[in-house]
Each structure stands twice: as structure tokens, then as C-alpha cells.
Amino acid sequence: MLPHTTEKRRLDGDFTELYRTHLRDVYSYAYYRIGNHHDAEDLTEQTFLQAYRHFERAQRESDGRPLRPWLIRIAHNLAANYYRDRSRRPQTQLEDASVVSAPYGTEELAEGREALKEVLTGVSKLPDDRREALIMRFALDMDNREIARALGRTEGATKVLLHRAIKQLEQGLSEDTDA
Amino acid sequence: MPDVMDMEALLRSALVPVEPSEGLSDRLERGLSDLTDLAADELAEWELSAMRDPRNWARPAAAVVVGGTAAGALVLVRARQQHKKRQVTGIRALERGIRDVAEDMQKRLGH
């Protein structure tokens, strides 16, 4: 076998590892970004196919840094195209109620579920950049540096973005409660 | 309610990670596996035959670049076609894409 064929096999092995490690991250991002499982699956597939196409270069240029922000950035760009092409907005209601499964006691269950639904609805009403930052932070557990790389911002700007997103969400939920 | 509870804790509870369906995992894993296997097989087959001719000794590196780029483009085209025609399975579309690339690569390199 020729050396560059061996190199290709190594790259494919690395890509498989990347895929297995981050499939749930990409899918979670797609699901909360778009709001239904059908389109989230399509977006996840397209993300990994595009990642495969550019993987060699990304790995070469990553200089050892994690590739998760790069993957999420691909999904972010594809999601933007999804909305632009179809003139869609994210769905307010997520179709799978199983995501609202916080550890509440029996007496608090109904109220807890309602609170979480309100939070999800509030998140879906935020501007795109703020909503995405919250998804990356809380659903994917990304730190400021990773989110900054995924969004193409500085760490400082990302910290401010997250702070403002949470404040806006709090304010929106308070207004809804008062009303 | 949200105004008295810790918002970050609420967000963490609301935005739980979502597991992809087994169907998606299987489909993606098979598709990627077939894709990488086919690409490697086609490339190895072409390389072995091409290297018998000394005039082709400088070409394999170019072939990797041409083949890789074309494969990526076709894979995406196929993926988009699959998106529109969901009755066509992704794996077969990817397989066809790779075969097309291999044929195209051979024609362009005069093999």
C-alpha cells in the first residue's frame, strides 16, 4: 500500500473518532436550533458530510486544538442557510417533551415542567446569536473559548453575549409571569 | 418560577443533551464507513495500475487532491439530492457518488 493511502486511512480513522465523540453534540445543537427531529437529522447528516470533505485541512490547521467548535460552526452555517432558503424561523414548541425531564419531586413536577417549557419558549424567542450561545453553553457544555471559536467572536465578546442572553431571558420570563 | 430560581440551573435542566435516534446513528455510520472504504479502495486500485507506467509516477499526489475534492463535492450533491428525495437511501447515493468520482478521476488522468 502506498504511503498516501495509509495517510488516508489514518485520516478516516481520526474522522470516525471525531464523529463518534461529537454526534450527540451536533445533533443536540441541530435539534435545539431547528426544533424538530426530522430536520435536525438532515442537518446533522449534512454537517458530518461537509466536515468529512474539509477534515484534512481542519486537522492540519487546528494545531492540536479540539475540533468540536469547528464542527458546530459548520452546523451553525448550515442552519443559517436552512432558515435563509426556506424563510423559516425556529419552532417555538420542541416536538419531544422528553427533553423536559428535570429532577423534580412529584408535587413540583407539573410546575417544574411548566417552568422548563417557559424557558425553552423564551430561548426560542431570543435573537439567533444569543440563542445559539445558550445552546452551546448549556446543551453542549462548551466553555467560552469553544463558543467564541464556533461563533467567530472573541472570548470577551462571547462572555458579554452569554450574559446578555441570560438577562434578556430573565426579563422576558418576568414579563410573561407579570402578564 | 423563573424569576426566583437560578436561571442557569433552569437552563441546564431545560437544554439537556438530546440523543440522536439509533436510525440516524446507524445510517450515518454506515454511510461514512462505506464512503471511506470505497474512496480508499478506488484510490488504491488506481494507484497500483497507474504506477506500472513510469509516465504516471508523478501523478498520484495530484490524483489524491483531485479525487478528494471531487469526492467531497459529489458527496454533498448526493446528500442534497437525498434531502429532497428521502426515499433514496443515503448509502446508495454516496456509493454512486464515489463511483462517479472514481470514473471521472480515471478519465481526467488519462488512465
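What counts as what
Residues numbered from 1 in each chain as written. Chains lettered and ligands numbered in written order. Predicted model: local features only at pLDDT ≥ 70, side-chain atom pairs only at ≥ 80, totals over all residues. Helix = DSSP H or I, 4+ residues; strand = E, 2+ residues; numbered from the N terminus. Buried ≥ 20, exposed ≤ 12 C-beta atoms within 10 Å, placed from the backbone. Contact = placed C-beta atoms within 7 Å. Core = buried A, V, L, I, M, F, W, Y, C linked by C-beta atoms within 7 Å. Domains from an automatic or database assignment. pLDDT = per-residue confidence, 0-100. Expected span 1.5 Å × (residues − 1). Axes fitted to C-alpha atoms, helices over the stretch in contact; angles between N-to-C directions. Parallel < 35°, antiparallel > 145°, perpendicular 65-115°, else oblique. Left-handed = near helix turned anticlockwise from the far one by under 90°. Nonpolar A, V, L, I, M, F, W, Y, C, P; charged D, E, K, R; others polar.

**Remarks on the overall build of chain A**
Line of reasoning, step 1. Scanning chain A from terminus to terminus reveals 7 helices and 0 strands.
Line of reasoning, step 2. Counting the 179 residues in chain A, one finds 37% classified as buried.
Line of reasoning, step 3. Sequence separation of at least 24 residues holds for 66% of the intrachain contacts in chain A that already meet a minimum separation of 6.

**What about the overall build of chain B?**
Line of reasoning, step 1. Broken down by element type, chain B carries 4 helices and 0 strands.
Line of reasoning, step 2. Per-residue burial for chain B yields a buried fraction of 30% across its 111 residues.
Line of reasoning, step 3. Counting contacts in chain B only where the partners sit at least 6 residues apart, residues at least 24 apart contribute 66% of the total.

**Observations concerning the nonpolar core**
Line of reasoning, step 1. Judged by nonpolar contacts, the single largest core of 50 residues is most densely connected at Tyr29(A), Ala30(A), Ala75(A) and Ile135(A).
Line of reasoning, step 2. Here this core gets 10 residues from one element, more than from any other, and that element is helix H1 (residues 3-34) of chain A.
Line of reasoning, step 3. In terms of domain composition, this core takes at least three residues from each of domain 1 (1-91) and domain 2 (107-179) of chain A.
Line of reasoning, step 4. Each residue touching Ile135(A), except ones within four places of it in the same chain, is listed here: Tyr29(A), Tyr32(A), Arg33(A), Leu140(A) and Leu15(B).

**Quick look at the environment of Leu24(B)**
Line of reasoning, step 1. Mapped onto the fold, Leu24(B) is located in helix H2 (residues 22-50).
Line of reasoning, step 2. In this structure, Leu24(B) is in contact with Glu41(A) and Thr44(A), ignoring residues within four places of it in sequence.

**Here's the deal with helix H6 (residues 144-151) of chain A**
Line of reasoning, step 1. Within H6(A), burial applies to Glu146(A), Ile147(A), Ala148(A), Arg149(A) and Ala150(A).
Line of reasoning, step 2. Gly152(A) lies just past H6(A) and shows a positive phi near 70°.

**Observations regarding the confidence of the model for chain A**
Line of reasoning, step 1. Confidence in the prediction of chain A, expressed as mean pLDDT, is 85, and 82% of residues score 70 or more.
Line of reasoning, step 2. Contacts from residues 97-104 of chain A, a stretch scored under 50 in pLDDT, to residues over four places away or in other chains number 13 contacts.

**A closer look at helix H5 (residues 128-139) of chain A**
Residue and element names in this part refer to chain A.
Line of reasoning, step 1. Helix length check: H5, at 12 residues, gives a terminal C-alpha distance of 16 Å against a target of 16 Å (1.5 Å per residue), a fit within 8%.
Line of reasoning, step 2. Counting buried residues along H5, 9 of its 12 residues qualify, which places the element largely inside the surrounding structure.
Line of reasoning, step 3. Within H5, the full set of buried residues consists of Arg-130, Glu-132, Ala-133, Leu-134, Ile-135, Met-136, Arg-137, Phe-138 and Ala-139.
Line of reasoning, step 4. A positive backbone phi angle near 55° is found at Asp-141, which sits one or two residues after H5.

**A look at the confidence of the model for chain B**
All names here are of chain B.
Line of reasoning, step 1. Here chain B averages 60 in pLDDT, and 26% of its residues register 70 or above.
Line of reasoning, step 2. The model gives residues 57-67 a pLDDT under 50, and that stretch makes 17 contacts with residues more than four places away or in other chains.
Line of reasoning, step 3. Predicted confidence for residues 69-91 stays below pLDDT 50, and this span has 38 contacts to residues more than four positions away or in other chains.
Line of reasoning, step 4. With pTM at 0.68, the complex prediction returns an ipTM value of 0.81.

**What about the packing of H5(A) against H6(A)?**
All names here are of chain A.
Line of reasoning, step 1. The contact between H5 and H6 brings their axes to 10 Å, and the two run at 140°. Classified by the interaxial angle, the pair formed by H5 and H6 is oblique. For H5 against H6, the interelement crossing comes out right-handed. Each of Asp-129, Glu-132, Ala-133, Met-136 and Arg-137 in H5 lies in contact with H6, whose residues at this interface are Ile-147, Ala-150 and Leu-151.
Line of reasoning, step 2. Grouping the amino acids of the contact of H5 with H6 by side-chain chemistry returns 5 nonpolar, no polar and 3 charged.

**As for unusual backbone geometry**
Residues and elements named next belong to chain A.
Line of reasoning, step 1. The backbone phi angle of Asp-63 is positive, close to 55°, even though this residue is not glycine.
Line of reasoning, step 2. Structurally, Asp-63 can be placed in the loop between helix H2 (37-62) and helix H3 (68-86).
Line of reasoning, step 3. Using a count of 6 C-beta atoms within 10 Å as the deciding quantity, one classes Asp-63 as exposed.
Line of reasoning, step 4. Positive phi outside glycine occurs at Asp-141, with the angle close to 55°.
Line of reasoning, step 5. Relative to the assigned elements, Asp-141 resides in the loop between H5 and H6.

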